[in-house]
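# Topology and contacts: notes
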Amino acid sequence: MGFGFGNWIFELMFTIVPLLFIVLFVYIFVHGFKEHQYNKNSPRLTVWAKCVVKRYKHSGTHEHHTHTNYYATFEVESGDRMELAIYGTEFGLIAEGDEGMLTFQGRKFISFERNKKPQA
């Protein structure tokens, strides 16, 4: 009888959907690689900064399959602000309003030493 509407949808799903997953996987891989290269090729800087905002983002829907990302926004002496992903252990040690020496490379958080005054 030829192709019916149901067969067309079935073939489309088994062609397009896997292609979309492959494209999404490649995009995520390339984006992560470019971010890694950017950070690796950036200078490691240590600057006086103040933590102005902290936040976290939960992802996942089940109790045993959740993931939390932690972020802190730092303001440097020039007034510029940058949000960096930080480790969960650091998230608990840094409070909004804390000042100290922030070390970062590109968009990668390295460390924050609270109340350390810069050397003159």
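Residues numbered from 1 in each chain as written. Predicted model: local features only at pLDDT ≥ 70, side-chain atom pairs only at ≥ 80, totals over all residues. Heavy atoms only, no water.

Time to look at the pattern of salt bridges. Summed over all chains, the structure comprises four salt bridges. One salt bridge connects Glu75 with Arg81, and the closest N-O pair in it is separated by 2.8 Å. We note a salt bridge from Asp98 to Arg114, for which the minimum N-O separation is 3.4 Å. Highlighted residues: Asp98 in the loop between α2 (88–93) and β4 (99–105) and Arg114 in strand β5 (residues 108–114), separated in sequence by 16 residues. For Asp98, a relative accessible area of 15% gives the class buried. (Salt bridge = Lys/Arg side-chain N within 4 Å of Asp/Glu carboxyl O. Helix = DSSP H or I, 4+ residues; strand = E, 2+ residues; numbered from the N terminus. Buried < 20%, exposed > 50% of the residue type's maximum accessible area, 1.4 Å probe, protein only.)

Another aspect to go through is the environment of Phe104. Following the sequence through the fold, Phe104 ends up in strand β4. Sequence-distant contacts of Phe104, that is, excluding residues within four places in its chain, are made with Pro43, Arg44, Leu45, Val47, Met82, Leu84, Phe109 and Ile110. (Contact = heavy atoms within 4.5 Å.)

The residue Thr73 is located in strand β2 (residues 67–76) in this model. Taking relative accessible area as the criterion, Thr73 reaches 13% and is therefore assigned buried.

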